[in-house]
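# Report on the structure
These are the residues of each chain, in order.
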There are 2 protein chains.
Amino acid sequence: MSKASVKDILIEMKNLSELMVDLAYSALLFNSRDAAEEVKKLENKVNRLNYEIKKESLLAARSVEDAEELTALLEVGQATENIADAAKDIAELVLKGIKPHPVFKMVMEESDEIIVRVTIEEGSELAGRSLGEILLGTRTGMRIIAIRRGESWIYGPDRNTVLAEDDILIAKGNEAGAELLRKLAKNEMSLDEL
Amino acid sequence: MSKASVKDILIEMKNLSELMVDLAYSALLFNSRDAAEEVKKLENKVNRLNYEIKKESLLAARSVEDAEELTALLEVGQATENIADAAKDIAELVLKGIKPHPVFKMVMEESDEIIVRVTIEEGSELAGRSLGEILLGTRTGMRIIAIRRGESWIYGPDRNTVLAEDDILIAKGNEAGAELLRKLAKNEMSLDEL
């Protein structure tokens, strides 16, 4: 087995499954067909990656110990696929046009990790800076799940993604972090104050 | 339907399912039977809660519109149960005594969200303070999944949980946040420097 390839595949599966759950909840919360469609697309990708992991693992087992250790990797791969499937089930509600019960919004607003949507307004220091440069995740605890820019979307942005005025950020974290992000986006707070 | 009770049940299910995934990965990463046992216990709880949601929803539907909206809640409940099941599958590997392939550790160290274990050392400002008081999650982006204190564990600590010297924190976040947490715990950094 190419260690590097299995490692990279599993990292990608884990990252995608986590992003998918966040995106699926966001899609339902904000009634976004775009985000729901993205979840479905990512689910196909996770399924393909899981197939690759299985194939590589079967080719790699040389001993009983190998086989046992590889079993754990396969199981983790399968678990990420199952999580991805759960996310897809949520996304499909949005695609079917089903509106969630008002209680859902309350649930999303009161759970440990909440999802919020904020717009970068004129003068905000977030505009023109990359997520990595301002260490947004580290300094506010908020993880950006997706960015809506005009008609297009950026899903799962990374540290090199540069923010822009009018971007709509979909972010996950706790209530205190969400408040910081809101203030930064509305230009009511500067990065120095973090 | 008692809105309050369904809301509270769903919040608890969502919180638990998220905690379980983190705990399950931690259990495998650090080969912790305790954490794995906790995941199994929580899975039973999630299953019971999902049953409650189903029962309450069936009692509550009064119209076609009601039924549609409630379908979405049921689906979200089921998705959280499926996520909880995926976490349990991972935890069971640990309980079976299966060691993961060395690649697993590399995957956990290189994915977007990593899980780390740090010990609060003598003199660290973290000792004696509550998570809410120091806004640890907001200011480092690290979410504390579990705390090992001597022989006992605290799973899913909240803002009122007070940290103590020698606590072993299991935390999730990005690499930059993990570095901050390590420095705080090792007394190489003070809270003012955050």
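Every value quoted in this text rests on a predicted model; they were computed, and no experiment measured them.

Here we take up the overall build of chain A. What chain A contains, in helices and strands, is seven helices and four strands. For chain A, the N- to C-terminal ordering of α and β elements is α-α-α-α-β-α-α-β-β-β-α. A principal-axis box enclosing the C-alpha atoms of chain A has dimensions of 60 × 40 × 30 Å. Long-range contacts, defined as pairs at least 24 residues apart, comprise 76% of the intrachain contacts of chain A with a sequence gap of at least 6. As presented, chain A carries roughly 8,400 Å² of accessible surface, and 46% of it is formed by carbon and sulfur atoms. If you average the places of the 26 positive and of the 37 negative side-chain charges in chain A, the two averages end up 3 Å apart.

Residues and elements named next belong to chain A. By domain assignment, chain A separates into domain 1 (3-95) and domain 2 (112-193). If you average the C-alpha positions of domain 1 and of domain 2, the two centres end up 26 Å apart. Tallying the contact residues gives eleven residues for domain 1 and twelve residues for domain 2. Of the roughly 1,000 Å² buried between domain 1 and domain 2, counting both surfaces, carbon and sulfur atoms make up 65%. Counting the surface domain 1 buries against domain 2, the share from its top three residues, Leu 19, Asp 22 and Phe 30, is 49%. Counting every contact that joins domain 1 to domain 2 gives two salt bridges. Linking Asp 22 and Lys 172 is a salt bridge whose minimum nitrogen-to-oxygen distance equals 2.8 Å. For the side of domain 1 that touches domain 2, the secondary structure elements donating two or more residues are α1 (3-29) and α2 (33-60). Here the side of domain 1 that touches domain 2 is built from residues that sort into six nonpolar, two polar and three charged.

With an RMSD of 0.0 Å, the operation that places chain B on chain A is a rotation of 180° combined with a shift of 0.0 Å along the axis. The superposition operator between the copies reduces to a two-fold rotation axis. For chain B, the residue whose C-alpha comes nearest the rotation axis is Gly 141 of chain B, separated from it by 1.8 Å. A shared interface surface links the copies, since 100% of the contact residues of chain B are contact residues in chain A too.

Another aspect to go through is the environment of Gly 137 of chain B. Residues and elements named next belong to chain B. Locating Gly 137 in the fold gives a position in helix α6 (residues 136-140). Given the relative accessible area of 24%, Gly 137 is considered partly exposed. Separated by 35 residues in sequence, Gly 137 and Lys 172 have C-alpha atoms that sit 9.7 Å apart.

A few words now on the interface of chain B and chain A. Each partner contributes residues to the interface: chain B has 52 residues there, and chain A has 52 residues. With both chains or domains summed, chain B and chain A bury close to 4,800 Å², and 69% of this area falls on carbon and sulfur atoms. If you sort the residues of chain B by the area they bury against chain A, Lys 14, His 101 and Thr 138 of chain B come out on top, with a joint share of 13%. The shortest N-O distance in the salt bridge between Lys 7 of chain A and Glu 110 of chain B comes to 3.1 Å. There are 18 residue pairs in polar contact (both at pLDDT 80 or more) connecting chain B and chain A. At 15 residues, helix α3 (residues 64-95) of chain B tops the list of elements feeding residues into the side of chain B that touches chain A. Broken down by class, the residue content of the side of chain B that touches chain A amounts to 27 nonpolar, eleven polar and 14 charged.

A separate point is unusual backbone geometry. Residue and element names in this part refer to chain A. Despite not being glycine, Asp 166 has its phi angle at roughly 75°, a positive value. Here Asp 166 is to be found in the loop between β3 (152-155) and β4 (168-173). Asp 166 gets classed as exposed once you look at its relative accessible area, which sits at 54%.

This part takes up the packing of helix α3 (residues 64-95) of chain A against α3 of chain B. The interhelical angle for the contact between α3 of chain A and α3 of chain B, taken along N-to-C directions, is 175°, at an axis separation of 9 Å. Considered as vectors, α3 of chain A and α3 of chain B are oriented roughly antiparallel to each other. On the side of α3 of chain A, the interface is formed by Ala 72, Glu 75, Ala 79, Asn 82, Ile 83, Ala 86, Asp 89, Ile 90 and Leu 93 of chain A, while α3 of chain B contributes Ala 72, Glu 75, Ala 79, Asn 82, Ile 83, Ala 86, Asp 89, Ile 90 and Leu 93 of chain B. For the contact of α3 of chain A with α3 of chain B, the class distribution of residues is twelve nonpolar, two polar and four charged.

Here the focus is α3 of chain B. In a regular helix each residue adds 1.5 Å, so 32 residues correspond to 46 Å; α3 of chain B covers 46 Å between its end C-alpha atoms and thus fits that length. Once α3 of chain B ends, the next one or two residues include Gly 97 of chain B, with phi positive near 80°.

Turning to empty space enclosed by the protein, a few remarks are in order. For the coordinates displayed, the defined rule picks out one cavity of 30 Å³ or more. In this structure, the largest cavity encloses a volume near 240 Å³. Along the wall of the largest cavity there are 18 residues; nearest its centre are Glu 18 and Lys 172 of chain A together with Glu 18, Val 21 and Lys 172 of chain B. Elements supplying a minimum of two residues to the lining of the largest cavity: α1 of chain A together with α1 (3-29) of chain B.

Residues and elements named next belong to chain B. Pairing within the open sheet is antiparallel, and its four strands lie in the order β1-β4-β2-β3. Both edges of this open sheet fall to β1 (114-119) and β3 (152-155), since each of them pairs with a single strand only. Mean inter-strand twist for the sheet, computed between neighbouring axes without regard to direction, equals 20°. Of the strand pairs in this sheet, β1 and strand β4 (residues 168-173) are connected by six bridges, and their pairing is antiparallel. Looking at the pairing, Ile 114 lines up with Gly 173 of β4. Contacting β1, β2 (143-149) and β4, helix α7 (residues 175-185) crosses the sheet at an angle of about 5° to β1.

Cut-offs used in this document
- Residues numbered from 1 in each chain as written.
- Chains lettered and ligands numbered in written order.
- Predicted model: local features only at pLDDT ≥ 70, side-chain atom pairs only at ≥ 80, totals over all residues.
- Heavy atoms only, no water.
- Helix = DSSP H or I, 4+ residues; strand = E, 2+ residues; numbered from the N terminus.
- Contact = heavy atoms within 4.5 Å.
- Areas by Shrake-Rupley, 256 points an atom, 1.4 Å probe, with all protein chains shown as cover.
- Lys, Arg positive; Asp, Glu negative; His and termini not counted.
- Charge placed at Lys NZ, Arg CZ, Asp CG, Glu CD.
- Domains from an automatic or database assignment.
- Buried area = accessible area lost by both parts, 1.4 Å probe.
- Salt bridge = Lys/Arg side-chain N within 4 Å of Asp/Glu carboxyl O.
- Nonpolar A, V, L, I, M, F, W, Y, C, P; charged D, E, K, R; others polar.
- Least-squares fit on C-alpha atoms with pLDDT ≥ 70 in both.
- Buried < 20%, exposed > 50% of the residue type's maximum accessible area, 1.4 Å probe, protein only.
- Polar contact = N/O pair within 3.5 Å; in protein donor to acceptor, adjacent residues only side chain to side chain.
- Axes fitted to C-alpha atoms, helices over the stretch in contact; angles between N-to-C directions.
- Parallel < 35°, antiparallel > 145°, perpendicular 65-115°, else oblique.
- Expected span 1.5 Å × (residues − 1).
- 1 Å grid on protein atoms, 1.4 Å probe; cavity = no way out; pocket = protein on both sides within 12 Å on 5 of 7 lines; lining within 4 Å.
- Points joined across faces, edges and corners; volume = space filled by probe spheres on them.
- Pairing = 2+ DSSP bridges.

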